[in-house]
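Observations on the model geometry
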Amino acid sequence: MKTARGYLRREIIYSTLLVLGAFLCLFAFFDFLAELEDLGKEGYRLKHAVIFVALSIPSRAYEVMPIAVLIGTLYALTQFARNSELTVLRAAGVSTRQLLVALMRIGLFFVVLTFVLGEYVAPPLERIGQKWRLRTTNATVPQELRTGMWMRDGRLFVNVQRVLPDASLEMVKIYEFDSEHRLATLNVAKRGVYSVEQGWLLSDVVQTRFHGDRTELLNIPSLRWASELTPELISVVMVTPERMALASLYQYKRHLEANSQRTGRYAVAFWKKLVYPLVTLVMMVLALPFCLGNQRSVNVGARVLTGVMLGIGFYLLNALFSNLGVLNAWPALMSAALPSLLFFLLAVGLMWKVDRR
């Protein structure tokens, strides 16, 4: 069994990495085509687009890893079945349970690889890529509202008109309310720059103080703003929650909770990041029932197509439950884990059906 396990490991890893490479080439091509629309804008050149697409490849690898594992495992096991190697193993006394355990041990490699990609490789490169693109196109961080970005920090409501790629702020409005929810102070600054030692430094500040039936207007050249908001929290909008690291997601989720704001999307993304590496194990379990028995007459292409369809189905179901969970305020863990659980039950059902034959 040790020799067979080593043989299985080599073939499955090779097939999976081959499939993964094909997916990455395909996605990189489409991403590059999408970047061609912006060539020539504000100095954005071909080399800038190539670098941006290259920096996005680890994120793509993380996203398609479970699908690549499913197709790669299906392909490798189907080849074993066509060559009667699985039949020989079964005839030698290797049970379905032993095959399953062997696949799980191989799958741990992909679990670790997926986790490392999603936590330590893809998020920093994704952020670097977004900053690179914004810097080369002379653009600002994208915002959801025309009025700019809105944030809450305790009793302060902060509106930022423009966030630059270096995380400096332009046209900052800080609304401060008292304990009775009445507007006490309004600070309007032309620019805000952050330093680790002193926090935010606002320049060219116009401060309006509200005193009952009168107001007081002050012009302040520079003003220190002590806030829990950091450039890391503000720059969260540069990267989608699904492509953020667990530590960043947790920190931003805690910030939203502390300010009584909705955390649905970030909570679901947090649990998905924890569950997603384990999906590779589910995909390997799902591949096994399709390859047991006498499969010498089965077309390999049909098995690969089956893997593609199942992978696409999982990808769509995963996205669907994430969005439904946020819209309907479902428990975050349920929204993140339910697609994987459904596919695991499908795999168990197929395994049971094959074992009965």
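Quick notes on the rules
- Every chain begins its residue count from 1, and numbering advances along the sequence as written.
- Thresholds applied to this predicted model are a pLDDT of at least 70 for local features of residues and 80 or more for the giving and counting of side-chain atom pairs; totals over whole chains, interfaces and linings are not thresholded and use all residues.
- Side-chain metrics in this entry use all non-hydrogen atoms of the structure; hydrogen atoms and water are not considered.
- Numbering goes from the N terminus for both helices and strands, where a helix is a DSSP run of H or I of at least four residues and a strand is a run of E of at least two.
- For every residue, the accessible area obtained with a 1.4 Å probe (protein chains only) is divided by the maximum for its type, and the residue is called buried under 20%, exposed over 50%, and partly exposed between those limits.
- For patches, a residue must show more than 30% relative accessible area and have no salt bridge; joins then use 9 Å for like charges and 5 Å for nonpolar side chains, namely Val, Leu, Ile, Met, Phe, Trp and Tyr.
- Calculation of accessible area relied on Shrake-Rupley with a 1.4 Å probe; when residues are assessed, cover is drawn exclusively from the protein chains displayed.
- Each reported salt bridge corresponds to a side-chain nitrogen of Lys or Arg within 4 Å of a carboxyl oxygen of Asp or Glu.
- Given a helix with a known number of residues, its expected span is that number minus one, times 1.5 Å.
- At every residue, the bend is computed as the angle between two fitted axes, covering the seven residues ending there and the seven beginning there respectively.
- As used in this structure description, the phrase polar contact means that two N or O atoms lie within 3.5 Å; if the pair is within protein, one of them must be able to donate a hydrogen and the other to accept it, and residues adjacent in sequence are counted only when both atoms belong to side chains.
- Any two strands are treated as partners once DSSP identifies two or more bridges connecting them.

This part is about unusual backbone geometry. Look at Met171: it is not a glycine, yet its phi comes out positive at around 55°. By the secondary structure assignment, Met171 is in strand β3 (residues 169–177). Met171 gets classed as partly exposed once you look at its relative accessible area, which sits at 37%. Of note in this structure, His181 is not a glycine but carries a positive phi near 65°. Relative to the helices and strands, His181 resides in the loop between β3 and β4 (183–195).

A surface patch of nonpolar side chains, about 680 Å² in accessible area, is lined by Leu26, Phe29, Phe30, Leu33, Leu36, Leu39, Leu46 and Val50. At four residues, the largest contribution of residues to the nonpolar patch is made by helix α1 (residues 2–35). Given a relative accessible area of 35%, Leu36 falls into the partly exposed group.

It is worth spelling out helix α2 (residues 46–82) at this point. Taking 1.5 Å per residue, 37 residues should reach 54 Å; α2 reaches only 46 Å between its end C-alpha atoms and comes up short. Along α2, the sharpest change in direction is near 55° and occurs at Val64; proline Pro66 comes one to four residues later. Across the 37 residues that make up α2, a large majority, 28, are buried. Phi turns positive, to about 65°, at Ser84, one or two residues after α2.

Turning next to the side chain of Thr136. Its place among the elements puts Thr136 in helix α4 (residues 96–137). Polar contacts involving the side chain of Thr136 include one to the main-chain carbonyl oxygen of Trp132, which spans 2.8 Å. A distance of 3.1 Å separates a polar atom in the side chain of Thr136 from the backbone oxygen of Arg133.

Here we take up the pairing of strand β2 (residues 156–163). Two elements, strand β1 (residues 149–153) and β2, share five bridges in a ladder whose sense is antiparallel. Note that in β2 the partner of Asp153 across the bridge is Leu156. Hairpin connection from β1 to β2: two residues lie between these consecutive antiparallel strands, with Gly154 at a positive phi of about 65°. Pairing between β2 and β3: seven bridges, direction antiparallel. Across the sheet, residue Leu156 finds its bridge partner in β3, namely Glu176. The turn joining β2 and β3, which pair antiparallel and follow one another in sequence, is formed by five residues; a positive phi near 70° is taken by Ala167.

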